[in-house]
Amino acid sequence: MIIAIDGPAASGKSTTARLIANRLDLLYLDTGAMYRAVALYMFERGIDTQDGEALQKNLADIDISFKDSLIFLNNEDVSEKIREPHISKLSSQIAIIKIVRHKMVELQREIAKGRDVILEGRDIGTVVFPDADYKFFLTASLESRAERRYKEMSEKGIELTLEQIQQELQWRDQNDTQRAEAPLRKADDAIEIDTTLLTIEEQVHTILAIVNRTNKG
Ligand code: C5P
């Protein structure tokens with residue numbers, strides 16, 4: 001069984017997908033974390049991502065793997081580092097590049113092969129698994145997404161204002177929506193859920209009710 005969850009930044013995809021994975025005993029794949037890991041790699045080595053040759057060469061040296069809820073970049077646990085604000089922006093910048101996307105999509109399909117998986121990202125229902133059994137598109141108002149992200153960041157001790165976060169989310173959504181390669185878009189057959197007024201438990205419940213009702217697994 002494949003469940004695809006797409007939507008803009010901070011729309012509640014990760015938390016929801018993780019909880020559903022636990023309840024249904026599915027593998028959970030956070031594809032955004034993979035783009036973030038690539039961005040971190042390029043950032044730490046000072047690679048000019050506009051330089052196609054350097055990018056290709058460095059991409060070939062990147063190995064990404066997951067263990068429990070941690071992400072490893074060439075065997076280093078980078079789960080915390082990839083959440084830094086400058087990496088958020090860079091991840092969206094490198095995500096427009098064709099060869100980066102191809103490598104990520106290939107890896108995502110490889111990880112999911114033969115398994116029951118819930119994947120979340122921007123292009124899961126449109127590109128990575130267009131034949132997914134279930135497709136959801138989560139949205140929420142910019143204000144509520146910024147507030148959620150602000151709370152998460154404050155808890156981690158990252159000091160950003162609500163306004164800075166709102167601007168960053170807005171910039172990223174625009175960049176992700178307008179790119180030529182696999183833009184952020186609701187698949188025609190995806191079910192849209194507006195999470196603005198929903199608690200996490202309600203989001204999970206809404207999705208589980210649909211999955212249990214139609215039971216294609
Ligand atoms: O989901 P998250 O906010 O961690 O993703 C970081 C960035 O990675 C997004 O802003 C987007 O540019 C990119 N991304 C993508 N396709 C995906 C997942 C993430 O382009 N499937």
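All of the points below concern the structure found in this document. Bear in mind the structure is a predicted one, so any value in this text is a computation, not a measurement. (Residues numbered from 1 in each chain as written. Predicted model: local features only at pLDDT ≥ 70, side-chain atom pairs only at ≥ 80, totals over all residues. Heavy atoms only, no water.)

### Topic: the side chain of Arg 122
Within the element layout of this structure, Arg 122 appears in the loop between strand 6 (117-121) and helix 6 (124-128). A polar contact of 3.4 Å, which involves the side chain of Arg 122, links it to the side chain of Asp 176. (Helix = DSSP H or I, 4+ residues; strand = E, 2+ residues; numbered from the N terminus. Polar contact = N/O pair within 3.5 Å; in protein donor to acceptor, adjacent residues only side chain to side chain.)

### Focus: the site of the ligand
In the vicinity of the ligand there are 15 residues, among which Arg 36, Arg 101, Asp 123, Arg 172 and Asp 176 approach most closely. Arg 101 is positioned with one of its side-chain polar atoms (N or O) 2.7 Å from an oxygen atom of the ligand. Here Arg 172 contributes a side-chain N or O atom positioned 2.9 Å from an oxygen atom of the ligand. Coverage of the ligand by the protein chains reaches 97% of its 450 Å² of free accessible surface. (Near = heavy atom within 4 Å. Areas by Shrake-Rupley, 256 points an atom, 1.4 Å probe, with all protein chains shown as cover.)

### Overview of helix 4 (residues 85-94)
Listing the buried residues of helix 4 in full gives Ile 87, Ser 88, Leu 90, Ser 91, Ser 92 and Ile 94. In this structure, the buried side of helix 4 is in contact with helix 2 (31-44), helix 5 (98-112) and helix 8 (162-178). (Buried < 20%, exposed > 50% of the residue type's maximum accessible area, 1.4 Å probe, protein only. Contact = heavy atoms within 4.5 Å.)

### Here's the deal with the sheet that holds strand 5 (residues 76-77)
A sheet is described by the order of its strands in space; here three strands give the open sequence 3-4-5, paired in antiparallel fashion. In the strand order of this sheet, the two ends are held by strand 3 (64-67) and strand 5, each with one partner. Each of strand 3 and strand 4 (70-73) is contacted by helix 2, which is oriented at about 35° to strand 4, the strand it contacts most. (Pairing = 2+ DSSP bridges. Axes fitted to C-alpha atoms, helices over the stretch in contact; angles between N-to-C directions.)

### Brief notes about the pattern of salt bridges
A full pass over the atoms with the stated rule returns 12 salt bridges. Here Glu 201 makes a salt bridge to Arg 23, at a shortest N to O gap of 3.1 Å. Here Arg 23 lies in helix 1 (residues 13-24) and Glu 201 lies in helix 9 (residues 200-214), a separation of 178 residues in the sequence. When the shortest N-O distance is used, the salt bridge between Arg 122 and Asp 176 registers 3.4 Å. Taken as a pair, Arg 122 in the loop between strand 6 and helix 6 and Asp 176 in helix 8 lie far apart in primary sequence, 54 residues in all. Via salt bridges that share partners, Glu 44, Glu 76 and Lys 81 belong to a single interconnected network. (Salt bridge = Lys/Arg side-chain N within 4 Å of Asp/Glu carboxyl O.)

### Regarding helix 1
With 12 residues, helix 1 extends 16 Å between its outermost C-alpha atoms, agreeing within 8% with the 16 Å of an ideal straight helix rising 1.5 Å per residue. For helix 1, the complete set of buried residues consists of Lys 13, Thr 16, Ala 17, Ile 20 and Ala 21. On an axial view of helix 1, the arc spanned by its buried residues comes to 135°, and they lie on one face. Where helix 1 is buried, its residues touch strand 1 (2-6), strand 2 (27-30), strand 6, strand 7 (134-139) and helix 9. Backbone geometry just downstream of helix 1 places Asp 25 in the positive-phi region, at approximately 60°. (Expected span 1.5 Å × (residues − 1). Arc of directions from axis to C-beta.)

### Re the nonpolar core
Among the nonpolar cores identified, the biggest contains 37 residues, and Val 38, Met 42, Ile 62, Ile 64, Leu 73, Ile 94 and Val 100 are the most heavily contacted of them. The greatest single-element share of this core, amounting to nine residues, is contributed by helix 2. Beyond its immediate sequence surroundings of up to four residues, Ile 94 is in contact with Tyr 35, Val 38, Ala 39, Thr 49 and Val 100. Grouped together as the second largest cluster of nonpolar side chains are 17 residues, Ile 3, Tyr 28, Leu 138 and Val 211 included. (Core = buried A, V, L, I, M, F, W, Y, C linked by side-chain atoms within 4.5 Å.)

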